[in-house]
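Now for the letters of each chain:
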Amino acid sequence: MTDETAPHILVVEDEPAQMELISYNLEAQGFQITQADNGEDGLMQVEEILPDLIVLDWMLPGVSGIEVCRQIKRQKNTRKVPVIMLTARGEEADRIRGLDTGADDYLVKPYSINELIARVRALLRRTRPGSIGEILTFDDLTLDSEQHKVTRNGKTIKLGPTEFRLLTTFMESPKRVWSRDRLLDRVWGVDADVDYRTVDVHIGRLRKALKQPEMPDPIRTVRGTGYSLDTE
Ligand code: CA
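Residues numbered from 1 in each chain as written. Predicted model: local features only at pLDDT ≥ 70, side-chain atom pairs only at ≥ 80, totals over all residues. Heavy atoms only, no water.

Asks: So what's going on with the environment of Leu166? Residues and values would help.
Replies: Looking at the secondary structure, you find Leu166 in helix H6 (residues 161-172). Along the sequence, Leu166 and Val187 sit 21 residues apart, while their C-alpha atoms lie 6.1 Å from each other. When sequence neighbours within four positions are dropped, the list of residues in contact with Leu166 reads Leu183, Val187, His202, Ile203 and Leu206. (Helix = DSSP H or I, 4+ residues; strand = E, 2+ residues; numbered from the N terminus. Contact = heavy atoms within 4.5 Å.)

In structure tokens form, the structure reads like this:
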């Protein structure tokens, strides 16, 4: 079963055998995969699902991988999404290094699938550290996603699965303001049939669980927008 909140990776690749290989292996790592076999569709999917990472082939029919990457890195809402570019030849690799595409990393074909997985995990460590077992800290809070353990001020906090995912999301991006929509996508999954009230209920439970005497509420309500992890 795929975890709805596992990192979502968009693979843009026109060669079916390559697509199959990449998707199969990344899925086996527990990631959610969306596929696009051309640049236009790739750009559409980026807007639609706002993936956590993009594996992007350089040689695509129509809009090239470079152009796709440039467009992703130009848009305010997508420019932080890490991109791994796949290239066919050494020459292309040299050009990619010289070009200002904004790609975060690149691999030259033929590459080993383990190398791709390692690069994917390295980039996610920066952007979704909780999803790949890193220990997160913020202020007096510590969250160990591998051991499923949360402490505040050294004391163990018991959380339900939804509250745990909420806190992981907050701790991956402290002080970032999350709209209820984005929280729904991230914590419940893009296809979940839940409403804003559900978000508020679980935020309430999280607050209650984190509460300690004389300590500030670490969850800030941003009126008209959503919530953030912030003790200011
Ligand atoms: Ca290709």
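Asks: Mind laying out the sheet that holds strand S2 (residues 32-36), listing which residues take part and the relevant values?
Replies: Adjacent strands of a sheet form backbone hydrogen bonds with each other and so pair up, either parallel or antiparallel. Strand order in the open sheet formed by 5 strands is S2-S1-S3-S4-S5, and the pairing between neighbours is parallel. Here the strands that pair on one side only, and so sit at the sheet edges, are S2 and strand S5 (105-108). Each strand of the sheet is rotated relative to its neighbour by a mean of 20 degrees, with strand direction disregarded. Both strand S4 (residues 83-87) and S5 contribute to a ladder of 4 bridges, which runs parallel. Bridge pairing links Leu86 to Leu107 in S5. Strands in contact with helix H3 (residues 65-74) are strand S3 (53-57) and S4; relative to S4, the strand with the most contacts, it is inclined by about 170 degrees. On top of the sheet, helix H5 (residues 113-127) reaches strand S1 (8-12), S3, S4 and S5; it is set at about 180 degrees to S5, its chief contact. (Pairing = 2+ DSSP bridges. Axes fitted to C-alpha atoms, helices over the stretch in contact; angles between N-to-C directions.)

Asks: Explain the sheet that holds strand S8 (residues 149-152) to me, using residue names and the numbers behind them.
Replies: Across the sheet, which stays open at both edges, the 4 strands sit in the order S6-S7-S8-S9 with antiparallel pairing between neighbours. Of all strands in the sheet, those with a lone pairing partner are strand S6 (135-138) and strand S9 (155-157), marking the two edges. Within this sheet the neighbouring strands show an average axis-to-axis angle of 25 degrees, counted without direction. Sheet analysis places strand S7 (residues 141-144) next to S8, joined by 4 bridges and oriented antiparallel. Looking at S8, one finds that Leu141 is bridged to Arg152. Each of S6, S7 and S8 touches H6; the most contacted strand, S7, lies at about 115 degrees to it.

Asks: Tell me about the coordination of the calcium ion, and please be specific about residues and values.
Replies: Those donors, Asp14 (OD), Glu15 (OE), Asp57 (OD) and Met59 (O), are the protein atoms that reach the calcium ion, and they lie 2.1 to 2.6 Å from it. All donors of the calcium ion come from a single chain, and their spacing in sequence reads D-E-x41-D-x1-M. Taken together, the positions of Asp14 in the loop between S1 and helix H1 (16-28) and Asp57 in strand S3 put the pair 43 residues apart, joining distant regions of the chain. Judged by its relative accessible area of 2%, Asp57 falls in the buried class. (Donors = N, O, S within 2.8 Å, 3.2 Å for Na, K, Ca; no water. Buried < 20%, exposed > 50% of the residue type's maximum accessible area, 1.4 Å probe, protein only.)

Asks: Explain H5 to me, using residue names and the numbers behind them.
Replies: With 15 residues, H5 extends 21 Å from end C-alpha to end C-alpha; this agrees with the ideal 21 Å at 1.5 Å per step. What H5 keeps buried is the set Ile113, Leu116, Ile117, Val120, Leu123 and Leu124. Take H5 and look down its axis: the buried residues cluster within an arc of 135 degrees, on one side only. Summarising the geometry of H5, the exposed residues directed more than 90 degrees from the buried face are Asn114 and Arg126. (Expected span 1.5 Å × (residues − 1). Arc of directions from axis to C-beta.)

Asks: So what's going on with the packing of H6 against helix H7 (residues 180-188)? Which residues, and what values?
Replies: Interhelical geometry of H6 versus H7 gives an angle of 115 degrees and a closest axis separation of 9 Å. Crossing handedness for the pair H6 and H7: right-handed. Contacts from Thr162, Arg165, Leu166, Thr169, Phe170 and Glu172 in H6 reach Leu183, Arg186, Val187 and Trp188 in H7. Of the residues contributing to the contact of H6 with H7, the split by class is 5 nonpolar, 2 polar and 3 charged. (Left-handed = near helix turned anticlockwise from the far one by under 90°. Nonpolar A, V, L, I, M, F, W, Y, C, P; charged D, E, K, R; others polar.)

Asks: I'd like a description of the nonpolar core, backed by residues and values.
Replies: Counting residues in hydrophobic clusters, the biggest one holds 24 residues, and the most contacted among them are Leu167, Phe170, Met171, Leu206 and Ile219. When residues of this core are traced back to their parent elements, those giving at least two are S6, S7, H6, H7, helix H8 (196-210) and strand S12 (226-229). Looking at this core element by element, the count peaks at 5 residues for H6. Non-local contacts of Leu167, meaning those with residues more than four positions away in its chain, are made with Leu141, Leu143, Val150, Leu159, Leu206 and Leu210. With 20 residues, the next largest nonpolar core counts Ile22, Val55, Ile117 and Val120 among its residues. (Core = buried A, V, L, I, M, F, W, Y, C linked by side-chain atoms within 4.5 Å.)

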